Amino acid sequence: MAKRTKKVGSAGRFQARYGVRARTRVRNVEIQQKAKHICPSCGHKRVKRAGTSIWQCKKCGIKFAGGAYIPKTEVGLNVEKILRGEVVPEPIMKEKVEGEKAEESGEEP
Ligand SMILES: [Zn+2]
């Protein structure tokens, strides 16, 4: 069967409404939202979106929170790095340095 919506994809349901830009953006999001992703637990490509920010693996059944439309967002990865202690966010670092200096100067006299 000939593919009906080669260019517009899932946004074809809007027909000619809402403008090209809005429809293209919807399409680009929905491609990732509806795709199967790689499972962080078992490694199979069977993770599907179960709800907003909720992702579930159809192979091993693991359910986890992630991005609203992709399992892992760039911001989320940065937060994970901070939690692992690989990256120290700048504002916290400044507070630490200032706090240490204040403690040192308080102990000296
Ligand atoms: Zn899995």
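Higher on the page you've got the structure.
Residues numbered from 1 in each chain as written. Predicted model: local features only at pLDDT ≥ 70, side-chain atom pairs only at ≥ 80, totals over all residues.

Here we come to the pairing of strand β1 (residues 47-51). Where β1 meets strand β2 (residues 54-57), four bridges bridge the pair, whose relative direction is antiparallel. The partner of Gly51 across the bridge, within β2, is Ile54. The turn joining β1 and β2, which pair antiparallel and follow one another in sequence, is formed by two residues; a positive phi near 70 degrees is taken by Ser53. (Pairing = 2+ DSSP bridges. Helix = DSSP H or I, 4+ residues; strand = E, 2+ residues; numbered from the N terminus.)

Right, let's get into the sheet that holds β2. Strand order in the open sheet formed by three strands is β1-β2-β3, and the pairing between neighbours is antiparallel. With one partner strand each, in any of the chains shown, β1 and β3 (63-65) form the two edges of the open sheet. Sheet twist, expressed as the mean angle between neighbouring strand axes with direction ignored, is 35 degrees. (Axes fitted to C-alpha atoms, helices over the stretch in contact; angles between N-to-C directions.)

As a further point, take unusual backbone geometry. Here Tyr18, not a glycine, exhibits a phi torsion of approximately 75 degrees, which is positive. Along the chain, the position of Tyr18 falls in the segment before α1 (20-34). By the C-beta count within 10 Å, which is 12 here, Tyr18 ends up exposed. (Buried ≥ 20, exposed ≤ 12 C-beta atoms within 10 Å, placed from the backbone.)

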